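Close look at the chain arrangement
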Amino acid sequence: MPDYIEIPASGRHQRLAVPVDCAGLRFDQALARLLPEYSRNRLQEWMRSGHITLDGSAVSAKTKVWGGETVVVAPQALPSVTEHAAEEIPLTVVFEDADILVIDKPAGLVVHPGSGNWSGTLLNALLRHAPAVAGVPRAGIVHRLDKDTSGLLVVAKTIPAQVDLVRQLQARSVTREYAALVHGALTREGAVDAPIGRHPVHRTRMAVVARGKPAKTYYFPVQHGAGWSHVRCRLETGRTHQIRVHLSSIGHPLIGDQVYGSPQRKAALPAAALDFPRQALHAARLALMHPASGEALAWESPLPGDIVALIDALKHEAA
């Protein structure tokens, strides 16, 4: 899981006193206690760049503290957020409070600006819908959905909420379930436990590779027909393109997947699915602990119209 807690928005300096109960700790350990809203990586980067001082001096992470010292922190702006413009883009909000925002993302919406997609993204929409997220790294985005994957996605509206959500994701305590339509008859539940990393030849793609990061996907059949199956998938990890790579690796690529699909499988697919314009994948359920209250929350999103129509067409063709 990437460290998405990067650089908070700039603001007034924070002045803190090292408490006596931190006596004997390294400076970086004491900072982690004093500033739990920031990641350790970010705090260490600020120490190296001189944006955190101890009694007026820049010191190393290994410096011992004894209590009573003065720490001054100068949070730095995040250009990758502040450079982007707020845009009026419709959002389907399924939950919102002062700490988090849960979006039902449509297929076709890019989550974060990048090569070829510098505007018209979810980040641009968030800056308009909730301007305060400009002060949160990545505008509060803690996990992503591919452009052509629809469904539920949680956004943090504050830095403490973002830190908590990232930690939940790292601890694998966030439940993410997906609906997928795949090639072939997948009739038994199971799991794919295989590491994922960059494809050794096609560097823009992911693949099951021996030196990849651990990844595990559970799958459960819902229904199937001639040449297709509807399955539910639950992520234990959150690697890039995980469901698409894992299901393709066991011979059941997603219908409509132009990257991880199989020409041989496509040839055997019912005609109703041949021209489906995106990977048939939908983030259908999301469950987590509220980062402020600790309350267990869960949301579900019904299948979008295009996937419902595809299932109906597949059933009709087989009749």
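Just above, that's the structure.
Here we summarise the structure given alongside this text. (Residues numbered from 1 in each chain as written. Predicted model: local features only at pLDDT ≥ 70, side-chain atom pairs only at ≥ 80, totals over all residues. Heavy atoms only, no water.)

Here's the deal with the nonpolar core
Stated formally: The criterion is simple. A nonpolar core is a set of buried Ala, Val, Leu, Ile, Met, Phe, Trp, Tyr and Cys residues joined through side-chain atoms within 4.5 Å. Categorising residues by exposure relies on relative accessible area from a 1.4 Å probe, with only protein chains included: less than 20% of the type maximum marks a residue as buried, more than 50% marks it as exposed, and the intermediate range marks it as partly exposed. Numbering goes from the N terminus for both helices and strands, where a helix is a DSSP run of H or I of at least four residues and a strand is a run of E of at least two. By the convention used here, residues are in contact when the closest approach between their heavy atoms is within 4.5 Å.
Tyr178, Ile243 and Leu247 are the most contacted members of the largest nonpolar core, which totals 32 residues. If you list the elements that add at least two residues to this core, you get strand 5 (100–105), helix 4 (122–129), strand 6 (150–156), strand 7 (175–183), strand 12 (228–235), helix 6 (242–249) and strand 13 (281–289). The dominant element in this core, judged by the number of residues it contributes, is helix 4, at five residues. Excluding its chain neighbours within four sequence positions, the residues that come into contact with Tyr178 are Leu145, Thr149, Val231, Arg232, Cys233, Leu235, Ile243, Leu281, His282, Ala283 and Ala284. Formed by 20 residues, the second largest nonpolar core is a distinct cluster that contains Tyr38, Trp46, Met47 and Val163.

A short note on the pairing of strand 6
When a strand is regular, its side chains alternate between the sheet's two faces. Using the following cut-off: Pairing between two strands requires that DSSP report at least two bridges joining them.
Where burial is concerned, most of strand 6 is hidden: seven out of the seven residues are buried. Relative to strand 6, strand 5 is paired through six bridges, and the arrangement is antiparallel. Looking at the pairing, Val102 lines up with Val154 of strand 6. Bridging between strand 6 and strand 13 involves two bridges; their strand directions are parallel. Within strand 13, the residue paired with Ser150 across the bridge is His282.

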